[in-house]
Amino acid sequence: MSLTNVAETMTESELDQLSVDTIRTLAIDAVQQAKSGHPGTPMALAPLVFTIWNRMMRFDPMDPIWPNRDRFVLSNGHASMLLWSVLHLTGTRAVNADYERLGQPSVSLEDIRRFRQIGSKAPGHPEYHWVSGVETTTGPLGQGVATSVGMAIAQKWLAERYNRPGFAIFDYDIYVVCGDGCLMEGVAAEAASLAGHLGLDNLCWVYDNNHITIEGQTSLAFTEDVATRFLAYGWNVLRVSDANDLDRIQQALGVFQTTKARPTFLILDSHIGYGSPHKQDSAAAHGEPLGDEEVRLTKRRYEWPEEAQFLVPDGVREHFAAGVGARGAAARSRWTALFASYRATYPELASEIDQMQRRDLPAGWDRNLPVFPADAKGIAGRDASGKVLNGLAQSIPWFLGGSADLGPSNKTTLTYDGAGSFQAGNPGGKNLHFGVREHAMAAVVNGLSLSKVRAFGATFFIFSDYARPAIRLSALMELPTIFVFTHDALGDGEDGPTHQPVEHLASLRAIPGLVTLRPGDANEVVEAYRYVMQLRHQPAVLVLSRQPLPTLDRRIYAPAAGVARGAYVLADPPGGNPEVVLIASGSELSLAVQAHDRLLAEGIRSRVVSMPSWEIFDHQTEAYRDSVLPPTVKARVAVEQASTFGWERYVGSSGHVIGMRTFGASAPLKALQTKFGFEPDRVAAVAKELLGKP
Ligand SMILES: Cc1ncc(C[n+]2csc(CCOP(=O)(O)OP(=O)(O)O)c2C)c(N)n1
Ligand SMILES: [Mg+2]
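Residues numbered from 1 in each chain as written. Chains lettered and ligands numbered in written order. Predicted model: local features only at pLDDT ≥ 70, side-chain atom pairs only at ≥ 80, totals over all residues. Heavy atoms only, no water.

Visitor: I'd like a rundown of the side chain of S585, residues and numbers included.
Guide: By the secondary structure assignment, S585 is in the loop between β19 (580-584) and α19 (588-601). At 2.6 Å, the side chain of S585 and the side chain of E640 are in polar contact. Excluding its chain neighbours within four sequence positions, the residues that come into contact with S585 are R518, M611, P612, V639 and E640. (Helix = DSSP H or I, 4+ residues; strand = E, 2+ residues; numbered from the N terminus. Polar contact = N/O pair within 3.5 Å; in protein donor to acceptor, adjacent residues only side chain to side chain. Contact = heavy atoms within 4.5 Å.)

Visitor: Run through the confidence of the model for the protein, naming residues and quoting values.
Guide: For the protein, the average pLDDT comes to 97, and 99% of its residues sit at 70 or higher. For the protein, per-element mean pLDDT is lowest for strand β3 (residues 101-105), which scores 90, and highest for strand β5 (residues 203-209), which scores 99. (pLDDT = per-residue confidence, 0-100.)

Visitor: Break down the sheet that holds strand β11 (residues 399-403) for me, with residues and values.
Guide: Read across the sheet, six strands follow the order β12-β11-β13-β14-β16-β15 without closing on themselves; strand pairing throughout is parallel. The strands lining the two open edges of the sheet, one partner per strand, are β12 (431-433) and β15 (515-517). Across the sheet, the mean angle from the axis of one strand to that of its neighbour is 20°, orientation sign disregarded. The pairing of β15 with strand β16 (residues 540-544) spans three bridges and is parallel. Bridge pairing in β16 places T516 opposite V541. (Pairing = 2+ DSSP bridges. Axes fitted to C-alpha atoms, helices over the stretch in contact; angles between N-to-C directions.)

Visitor: How would you summarise the packing of aromatic side chains if you had to cite specific residues and measurements?
Guide: Applying the stated rule across the entire model yields 30 aromatic pairs. Look at W66 and W335: their rings are 6.2 Å apart centre to centre, the planes differ by 70°, and that puts the pair in the edge-to-face class. Here the residue W66 occupies a position in the loop between α2 (40-56) and β1 (71-74), and W335 occupies one in helix α11 (residues 316-345), the gap between them amounting to 269 residues. One exposure class covers both W66 and W335, and it is buried. Look at F483 and F485: their rings are 6.2 Å apart centre to centre, the planes differ by 15°, and that puts the pair in the stacked class. The two residues F483 and F485 agree in class, both being buried. Connected via pairs of aromatic rings, a cluster forms that spans W66, F167, W335, F339, Y342 and Y346. Against the face of Y172 rests R71, its NZ or CZ located 4.0 Å from the ring centre. Stacked on the ring of Y624, the Lys or Arg R565 has its end atom at 3.7 Å from the ring centre. (Phe/Tyr/Trp six-rings, centres within 6.5 Å; stacked < 30°, edge-to-face > 60°. Buried < 20%, exposed > 50% of the residue type's maximum accessible area, 1.4 Å probe, protein only. Lys NZ or Arg CZ within 6 Å of the ring centre and 35° of its normal.)

Visitor: Lay out the coordination of the magnesium ion (ligand 2) with the relevant residues and their values.
Guide: Here the magnesium ion (ligand 2) is held by the protein donor atoms D180 (OD), N210 (OD1) and I212 (O), which lie 2.1 Å from it. Each donor residue of the magnesium ion (ligand 2) belongs to the same chain, with the gaps between them written as D-x29-N-x1-I. Here D180, found in helix α6 (residues 180-184), pairs with I212, found in strand β6 (residues 212-213); they are 32 residues apart in sequence, far enough to count as distant. For the residue pair D180 and I212, the accessibility class agrees, reading buried in each case. (Donors = N, O, S within 2.8 Å, 3.2 Å for Na, K, Ca; no water.)

Visitor: Any details on the site of ligand 1? Residues and values, ideally.
Guide: Near ligand 1, the surroundings consist of 15 residues, among which T41, H78, G181, N210 and H286 are the closest. At a separation of 2.4 Å, an oxygen atom of ligand 1 approaches a polar side-chain atom of H286. In isolation ligand 1 has 590 Å² of accessible area, and contact with the protein removes 74% of it. Those elements that provide at least two residues to the shell around ligand 1 are α6 and β6. Tallied by class, the residues present in the shell around ligand 1 amount to five nonpolar, eight polar and two charged. (Near = heavy atom within 4 Å. Areas by Shrake-Rupley, 256 points an atom, 1.4 Å probe, with all protein chains shown as cover. Nonpolar A, V, L, I, M, F, W, Y, C, P; charged D, E, K, R; others polar.)

Visitor: Break down helix α8 (residues 226-233) for me, citing the residues and quoting the values.
Guide: Residues that lie three or four places apart on an α-helix share one face, since the helix turns once every 3.6 residues. All of the buried residues along α8 are V226, A227, R229, F230 and Y233. The buried side chains of α8 occupy one side of the element, clustering within an arc of 160° when seen end-on. Those residues of α8 that are buried are in contact with α6, α7 (186-198), β5, β8 (236-240) and β9 (264-269). The opening residue of α8 is D225, an N-cap whose side-chain oxygen sits 3.2 Å from the backbone nitrogen of A227. (Arc of directions from axis to C-beta.)

Visitor: Pulling in residues and values, what's your account of unusual backbone geometry?
Guide: Positive phi, close to 70°, is recorded for R116, a residue that is not glycine. A residue is classified by how much of its surface remains accessible, and R116, at 28% relative accessible area, is partly exposed. We note that K411 has phi near 60°; this positive angle belongs to a residue other than glycine. Among the secondary structure elements, K411 is positioned in the loop between α14 (407-410) and β12. When its relative accessible area of 30% is taken as the criterion, K411 is described as partly exposed.

This is how it looks when you write it as structure tokens:
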């Protein structure tokens, strides 16, 4: 059979079917060619994805970053060929890192032929930043659905702040596809619970109910009543029992669009590997190529030319162009006209939207940053942070965030007049209450950031573990998210080892692209925020003390602006030329200063280096790094209330690290400092030992 030149004689529904089967066969061929990948789910969900894209979504393939586009999230990221097919068939254009719309396709047929190969724009899983049209990176199951809740919160917040009568600048929806795996993951439950509470009616999750995961039938491990679970979360639950029924799917999505005050959960009963005579409904269809013979048999079932590969029949691209293409272009041009008159009426709001889209900061964003006077008693990192956050949130309208139920401890609550709490009835609130849901919080912060809102999330540093998978994705996606982690070390004292982070700094420092900052006094906290706020493509973690830290007298010590270089010389012996270097971060900085004073008093030429951030320091020039840590000075002591892991790189093989080699203990902080050796005398003694001057 030939599929060329038949399109013009085809009915609308024949063209629908042809398009659906094109998505299916592209997926089959790409996986076969790559000798790896996941064909079964694209084969099953091609009709769903076709319907969402070609009949429902307002998305202009010519401008995939148009701010009011509907969002599509493929949370079961292993089915990435669905996305590559549809991005290709819609002719979605590429955008570069400077937000310029390029002429070339986001995903070419050649990319699909080279599915999963180096440099291909059709990688194994959807990669934000790498492929235009991908709204978020997915693959770790559960992350996509959880991130989508952040996108939905962002839409509500943006609408509340920027829409005006007659100006619906932000009224987009978020369509999400997920499978059994996503719904088994805890993060999805956290996020669904939050979305239900917030009544996010702009959010629709479609659940691919195929009863199959990798090990076999879901009866092995997943037998709960998912529908009832979502009803209990407060979602509207719909069901379509035939994943091939485009009209029913469309109808259900129409119900979603008119449902108010509740998110929608659409259960779609499907057959993994649909059309494959020997693999349909089996786990074998999930994650391996069908095999040449099965490919032929399957294509025969689809009434597809059996030998054709990567075939896009005439009429298919045109069918997408007439559907999503035309609808998206019309919607965008209406919006562009609307935005032009909005700009004329509300120039300031329009310029905020422009700045936000480019991840710029408004003029005067740092005008409220405090300066803390020298104070021996000092102030806790978290308290300094609270002051900074409140200042920033007032000077940056689209800066918002919150804590996973620890606002009063993290000091992240925005307390100024009018800050408000984000709730269903108050979508303009800037305090987000994530509840005790750290993992969903971090994913939601990602979703907010993907929506161009500047967002932070907070909890105790110890519970960064509960958020880590989403923080990792933040880094992978190059998002400027901010995580505020307080109770940074042993400061949690009596709460004991369950609450005392040890390995967390090392673990976060190991994530490529993530900036960790552990400021040593209140003014370093300010400078840390100043640095972080200017990041546009990197996430940051701020690690802050619970207990007061002395505010150093910057007339005596170097300015805290050194934070922007990751590490800097805080104090030197008279005349410079140190013989020993003490390196410290966070609460240990003042400890190092005290040890330094003792050493100086004994005639030992000591230097103190404040090192709040390894990552930032590592990116300085070699000359700068050598000026801070002179290669000739081998006597180096690092002090940090955390795992010693990794500090060798700065102290070298002749240096020494005073850190944690065990878990902490339950006791008042003072007793812990003694027990674990975080005392000035000990630091000074180690320094002298290294110098052979005990
Ligand atoms: C967090 C996480 N754990 C495990 C995996 C490995 N994995 C990929 S797909 C999959 C099974 C998913 O089943 P389901 O979501 O039902 O997908 P289907 O096979 O039905 O498409 C697993 C365990 C993963 N990608 N992410
Ligand atoms: Mg499944």
